[in-house]
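# Structure at a glance
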Amino acid sequence: MKARHESGLNEAGLWARFAALAGIAHECGQLALRHFSDQSSLGVTMKGSQDFLTIADGAVEALFRRRIAEAFPEDSVMGEEMGGGDAARLWIIDPIDGTANFARGDRQWCVSIGFVLDGVPELGVIHAPALGETFLARRGHGATMNGVPIKAASTHDLRRSTVEYGWSPRLPAGPYLDAVGRLYGLGCNVKRSASGALGIAHVAIGRTDAYGELHINSWDVAAGLVIATEAGARINDFCSGDWITEGNPILVTVPALWDTLFDACGIAAAPKPTKMGGA
Ligand code: LIP
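Now for a description of the structure that goes with this document.

Calculation criteria
The residue count restarts for each chain, going from 1 along the sequence in the order it is written. Selection of residues for local features in this predicted model requires a pLDDT of at least 70, selection of side-chain atom pairs for listing and counting requires 80 or more, and totals for whole chains, interfaces and linings are taken over all residues. Side-chain metrics in this entry use all non-hydrogen atoms of the structure; hydrogen atoms and water are not considered. Summary of the distance rule: residues count as near a molecule or strand when at least one heavy atom falls within 4 Å of that molecule or strand. Any N or O atom pair separated by 3.5 Å or less is treated as a polar contact, with the protein-specific requirement of one donor-capable and one acceptor-capable atom, and with residues adjacent in sequence counted only for side-chain atom pairs. Surface accessibility follows the Shrake-Rupley procedure with a 1.4 Å probe radius. Residue values consider only the protein chains on display as shielding. Cavity: a set of points on a 1 Å grid over the protein atoms alone where a 1.4 Å probe fits but cannot get out. Pocket: an open set with protein on both sides within 12 Å along at least five of seven lines, its lining residues, like those of a cavity, having an atom within 4 Å of a point. A molecule is counted as occupying a cavity or pocket when more than half of its atoms fall within 2 Å of that pocket's grid points. Each helix is a run of H or I in the DSSP string that is no shorter than four residues. Each strand is a run of E no shorter than two, and both are numbered from the N terminus. All amino acids are sorted into three groups, where Ala, Val, Leu, Ile, Met, Phe, Trp, Tyr, Cys and Pro are nonpolar, Asp, Glu, Lys and Arg are charged, and the leftover types, Gly among them, are polar. Residue ranges assigned to the domains are those given by an automatic or database domain assignment. For a helix, the expected span equals 1.5 Å multiplied by the number of residues minus one. The angle between axes fitted to the seven residues ending at a residue and the seven residues starting there is what we call the bend at that residue. When DSSP finds two or more bridges between a pair of strands, those strands are recorded as paired. Whether two residues are in contact is decided by their heavy atoms, any of which lying within 4.5 Å being enough. Think of each axis as a best-fit line through the C-alpha atoms, taken over the contacting stretch in the case of a helix, with angles from 0 to 180 degrees between the N-to-C directions.

## Re the site of the ligand
The local shell around the ligand holds 16 residues, among which Asp97, Gly98, Thr99, Trp167 and Glu213 are the closest. Separating an oxygen atom of the ligand from a side-chain N or O atom of Glu80 is a distance of 3.0 Å. Asp94 places a side-chain nitrogen or oxygen 2.8 Å from an oxygen atom of the ligand. Compared with its free state, where it exposes 380 Å², the ligand has 93% of that area covered by protein. Because more than half of its atoms lie within 2 Å of the grid, the ligand is assigned to the largest pocket. For the shell around the ligand, the secondary-structure elements that each account for two or more residues are β4 (89–97) and β12 (210–216). Counted by class, the shell around the ligand contains 4 nonpolar, 5 polar and 7 charged residues. Residue assignment places the shell around the ligand across two domains, with domain 1 (11–149) and domain 2 (158–265) each supplying three or more.

Structure below.
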């Protein structure tokens with residue numbers, strides 16, 4: 001069978017990875033859930049202001065790396081806690097996205113795993129075990145939540161819209177607050193749940209109409225890029241420049257609101273982060 005990409009990975013190889021992805025994510029989720037259920041043992045430390053770290057983050061990423069080394073030894077892994085870099089066959093994991101929530105006993109967290117082939121996000125899973133929800137997609141083959149097809153909302157009226165606008169201490173608060181003010185001025189409902197991956201998944205399933213953030217890391221969004229695109233959402237050119245190692249601004253919206261929200265969220269004028277999150 002002809003190689004599907006320069007990486008030499010053919011269609012069967014992509015399907016094999018897709019078939020393994022949900023199972024590996026669930027095993028990682030179960031480990032995370034065991035730690036989540038014993039809050040006194042989390043060993044919470046701070047990587048910086050509002051930048052939480054627990055022992056679960058490292059344990060989940062280590063488990064994921066073992067499973068990929070066993071199943072797909074020729075693939076590379078990049079993760080929030082143990083680092084990595086670009087490669088032709090690249091798994092990108094945020095072992096606990098929404099760590100601030102995880103550390104406080106809030107269920108809004110997930111394991112987010114994407115597979116990027118020759119620079120193109122091909123597979124994604126966002127698994128939220130404490131919520132009983134698993135979002136899954138392969139590029140060109142649709143997106144599901146718990147096996148049921150999902151699609152983004154058809155909202156046209158900003159006064160009926162809900163926008164999640166993410167924040168992190170990687171950027172000064174000014175541009176964030178300015179954008180939030182513009183969104184409220186347009187009649188939007190604005191929220192923040194502190195998990196970028198779940199924020200993108202909620203656009204894909206139609207619970208919200210946009211997720212924006214002036215800077216976010218590749219491990220937060222690699223899975224959501226595939227899931228949201230397959231659900232019919234529109235996404236900015238996040239996969240440009242050194243997106244894998246440096247991140248970028250992100251905007252995911254229902255199609256009808258793209259132009260207005262791109263301007264209101266200030267994506268074109270996003271400042272560069274003062275420090276990188278993660279490893
Ligand atoms: C989170 C991101 C989110 C951001 C949070 C935090 P983490 O990642 O997914 O977009 O707004 O501040 O950075 O640290 O929970 O893995």
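## Description of helix α1 (residues 11–36)
Helix length check: α1, at 26 residues, gives a terminal C-alpha distance of 37 Å against a target of 38 Å (1.5 Å per residue), a fit within 8%. A maximum bend of about 30° is found in α1 at Leu21. The N-capping residue of α1, defined by a side-chain oxygen 3.1 Å from the backbone nitrogen of Ala12, is Asn10.

## So, the sheet that holds strand β14 (residues 248–253)
As summarised here, the arrangement of the 5 strands in space is β11-β10-β12-β14-β13, forming an open sheet in which the pairing is mixed. Looking at strand neighbours, the two that pair on one side only are β11 (189–191) and β13 (234–235), the edges of this open sheet. Its contacts with the sheet place helix α4 (residues 173–185) against β10 (162–165), β11 and β12, and it is angled at close to 180° to β10.

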